[in-house]
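Structural overview for review
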Amino acid sequence: MQSMDFHQLFTIIKFGFIQEIRYKHSHKGKNRSYRTFIYMLIVYIFSGLMMGSFCARIGDSFSAAFFSSALFMILIGNFILLEFPTLITGPEDFSFYSSLPVTSSTYFFAKVFTMLLFVCIFSLCYSISGAVFLFLYTGKFVVIILFLYSHFISGIITALFIINLYGLLLKLFPLESIRKFSVFLNFSLFFLFYSVYFLLFHFFRQDVQLFKIEIVPLFLFFPNTWGSSLFILDKGVLPGISSLLSLLAPFFLLYSSRQIISMDFAEKIAEQSVAGGKKKKEKKDRRLFLFGNTFEEKVIARLIKVNFKYDIQFKLSILTIIPLTILYFLIVLLIYRGSLENPFTPAGIAGFPRTLFLYAAVGFFPFYIKSALTYSQQADASWVFFTTPYNRVKLILATRKFVFVFFLLPYFSFFIILYIMMAGVIIPILMHFLVVGILSFIQMCIFLFFMAEIPFSKKPQRGRRLLHLAARMAISILLPVPLFLFVMFIYPHPFFFWILVACLFIIAVIVEIAGRKKARGRLNREEFLY
């Protein structure tokens, strides 16, 4: 490597860090500055606080650090390196730095330091709560240092491993395939984190002793063990070997990544990016043109169909709801020992609270779809919506109609059929899902109109998936909570049930009218800024 220029080093670090954490609204031109980044830190702190309560109850420092570091590695892999892909060498690096007198050593250390800075910030936010809880439990200040170290070293190893994996895959596969794989990995890690987090806390409530573990040779293959082993150095040779790996692995991974974090590698990626891949001949799908009669409906149907076919990120955003629903269903049946019964009978009313978790998936589905339909890597092409004389509110209406026909209707049909098969009745289940459907419609109106956005018109924001995960967890209670109250207090009285349906219908009409007015004013004020 060439000699390093420290002035360039600090300039690139400062520029890179600011670029990663700032976000500019693409249409209104408002600079949101560091707001999204601050929200991300809050989410990490809150997640760490939940994990900290786990660490406090488990008591054993090694076990607490082992499980907490494992979840943090999933979180780092999903929400930092895949949310912040420019921390790894990319084609944009070559186009920007190739014309500047930046040495290879300066580029390498600037990238590495920026990555370490991000990992350090997020590991601190996530692990500080657990460290404090363990300190209060043990009374030893050294526990704080060791706990923070175990998370920091686990994050660094995860980051460097993904960088090396990225470089290895690029030597074997084209860039477009790697991008598809990275998106698939992103959603896989999201699903894994979400599942493990829930199951961990559920079984933890059953038996704390299940999570007090002893180190065995097999644990040497798990990087989260390496930093955690510092808590048990006095228990033989195995913890010593594990702790030594925590010191050697980052240097080994850093050394092996020197060819990936380089301008030469960035140039190769840029060439692949320009070359692109083979374009498939698109077949016309006449079924979509039967979707609606208006111009807006046909346009939105075509747009969603094309994005679903070619945009792997959008496709996985939609399809992720399937395994998530299956997970919720298994949790209700196998863990909560719930059953899908007639909610108008005493047995169905008594057992309904055990099935509420299943309605959480239904509750955040409208928000989930709205988010997927708003953000796209091809948002630059949305200029056409701001230059043609069409009715933007009708476009939102067409989006809602498409979501209802092609997403919500099949989704609710699945639930209705499942309920009928398990409950053995038809009319009461249809009555129940009439209420569920109206509640979902009200939610959809709120998301689509009061937070109205042109479809596929916004660039994905840094940390957006993490923030939306937190939002989904909060929003998912908006449907189960009122539904629980309705089933417990109104369903036993048929007369009041139909009054409830009438009131919900009136609320839906009011929300629809108010939402259209709100959306019209918001959409008319928006402009496209490149």
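Rules used in this analysis
Residues numbered from 1 in each chain as written. Predicted model: local features only at pLDDT ≥ 70, side-chain atom pairs only at ≥ 80, totals over all residues. Heavy atoms only, no water. Helix = DSSP H or I, 4+ residues; strand = E, 2+ residues; numbered from the N terminus. Contact = heavy atoms within 4.5 Å. Areas by Shrake-Rupley, 256 points an atom, 1.4 Å probe, with all protein chains shown as cover. 1 Å grid on protein atoms, 1.4 Å probe; cavity = no way out; pocket = protein on both sides within 12 Å on 5 of 7 lines; lining within 4 Å. Points joined across faces, edges and corners; volume = space filled by probe spheres on them. Expected span 1.5 Å × (residues − 1). Buried < 20%, exposed > 50% of the residue type's maximum accessible area, 1.4 Å probe, protein only. Axes fitted to C-alpha atoms, helices over the stretch in contact; angles between N-to-C directions. Parallel < 35°, antiparallel > 145°, perpendicular 65-115°, else oblique. Left-handed = near helix turned anticlockwise from the far one by under 90°. Nonpolar A, V, L, I, M, F, W, Y, C, P; charged D, E, K, R; others polar. Patch = residues over 30% accessible without salt bridge, like charges linked within 9 Å, V, L, I, M, F, W, Y side chains within 5 Å. Salt bridge = Lys/Arg side-chain N within 4 Å of Asp/Glu carboxyl O. Core = buried A, V, L, I, M, F, W, Y, C linked by side-chain atoms within 4.5 Å. Phe/Tyr/Trp six-rings, centres within 6.5 Å; stacked < 30°, edge-to-face > 60°. Bend = angle between axes of the 7 residues up to and from the residue. pLDDT = per-residue confidence, 0-100.

Across its full length, the chain carries 20 helices and 0 strands. Sequence-distant contacts in the chain: of pairs separated by 6 or more residues, those separated by 24 or more amount to 82%. If you sum the accessible surface of the chain, you get close to 25,900 Å²; carbon and sulfur atoms cover 70% of it.

As a further point, take empty space enclosed by the protein. It is the rolling of a water-molecule-sized probe over the atoms that shows where space remains empty. Here the structure, examined in full by the defined rule, presents 5 cavities of 30 Å³ or more. For the second largest cavity, the calculated volume is near 60 Å³. Lining the second largest cavity, in full, are K370, L373, T374, I396, T399, F447, L448, M451, A452, E453 and P455. No other element matches helix α15 (residues 356-374), which puts 3 residues into the lining of the second largest cavity.

On to helix α11 (residues 295-310). Spanning 16 residues, α11 covers 23 Å between terminal C-alpha atoms, matching the ideal 22 Å at 1.5 Å per step. Here α11 has its buried residues at E296, E297, I300, A301, I304, K305 and N307.

We now examine the packing of helix α17 (residues 427-450) against helix α20 (residues 494-525). Viewed as axis vectors pointing N to C, α17 and α20 meet at an angle of 15 degrees, and their least axial separation amounts to 8 Å. By the angle class used here, α17 and α20 are roughly parallel. Here α17 runs over α20; the crossing is left-handed. Split by residue class, the contact of α17 with α20 holds 21 nonpolar, 1 polar and 4 charged.

A contiguous nonpolar surface patch, about 510 Å² in accessible area, is contributed by F505, I506, V509, I510 and I513. Along the chain, V509 falls in helix α20. With a relative accessible area of 37%, V509 lands in the partly exposed category.

One can find S127 in helix α5 (residues 104-138). If we ignore the near neighbours within four places in the chain, the residues touching S127 are F147, L148 and H151.

Now for the nonpolar core. With 72 residues, the main nonpolar core has Y328, V435, V436 and L483 as its most contacted residues. Tallying contributions element by element places helix α16 (residues 392-423) first for this core, with 14 residues.

So, about the packing of aromatic side chains. According to the stated counting rule, one finds 18 aromatic pairs in the structure shown. Measuring from centroid to centroid gives 5.0 Å for F497 and W498, while their planes differ by 80 degrees, and the two rings are edge-to-face. An aromatic cluster is defined as three or more aromatic residues linked by ring pairs; in this entry it consists of F62, F66, F67, F219 and F222.

Under the counting rule described, the total for this entry stands at 2 salt bridges. Taking the shortest distance from any N to any O, the salt bridge between E512 and R400 comes out at 2.4 Å. Pair noted here: E512 is in helix α20 and R400 is in helix α16, with a separation of 112 residues, a long-range link. A residue is classified by how much of its surface remains accessible, and R400, at 12% relative accessible area, is buried. When the shortest N-O distance is used, the salt bridge between E512 and R516 registers 2.8 Å. Of the two residues, E512 and R516 are both situated in helix α20; the distance of 4 residues between them amounts to about one turn of the helix. Under the relative-accessibility criterion, E512 is labelled buried at 11%. When its relative accessible area of 31% is taken as the criterion, R516 is described as partly exposed. Taken together, the salt bridges that share partners define one network made up of R400, E512 and R516.

Turning our attention to α16. What sets the pattern is the α-helix's 3.6 residues per turn: residues three or four places apart point alike. The terminal C-alpha atoms of α16 lie 43 Å apart, and with 32 residues this matches the ideal 46 Å at 1.5 Å per residue to within 8%. The sharpest bend along α16 measures roughly 40 degrees and falls at F404.

Below, the discussion takes up the packing of α11 against α16. The interhelical angle for the contact between α11 and α16, taken along N-to-C directions, is 55 degrees, at an axis separation of 8 Å. By the angle class used here, α11 and α16 are oblique. Where α11 crosses over α16, the two elements pack in a sense that is right-handed. Packed against α11, whose contacting residues are E296, E297, I300, A301 and I304, the element α16 presents K394, L395, A398, T399, K401 and F402 at the interface. Across the contact of α11 with α16, the residue classes tally to 6 nonpolar, 1 polar and 4 charged.

Next up on the list: the confidence of the model for the chain. Chain-level statistics for the chain give a pLDDT mean of 76 and a share of 74% at 70 or above. Taken as a whole, residues 24-31 scores under 50 in pLDDT and shows 27 contacts with residues more than four places along the chain or in a different chain.

Let's shift gears to the environment of S53. Relative to the elements of secondary structure, S53 occurs in helix α2 (residues 35-58). Sequence spacing of S53 and S129 is 76 residues, and the spatial spacing of their C-alpha atoms is 8.1 Å.

We now examine the environment of I321. Mapped onto the elements, I321 comes out in helix α13 (residues 321-335). For I321, a relative accessible area of 5% translates into the label buried. If sequence neighbours within four positions are ignored, I321 has contacts with A361, F364, F365, Y368 and Y411.

Positionally, L49 belongs in helix α2. When its relative accessible area of 42% is taken as the criterion, L49 is described as partly exposed. The spatial distance from the C-alpha of L49 to the C-alpha of G130 is 6.9 Å, given a sequence separation of 81 residues. Excluding anything up to four places from it in sequence, L49 contacts S129 and F133.

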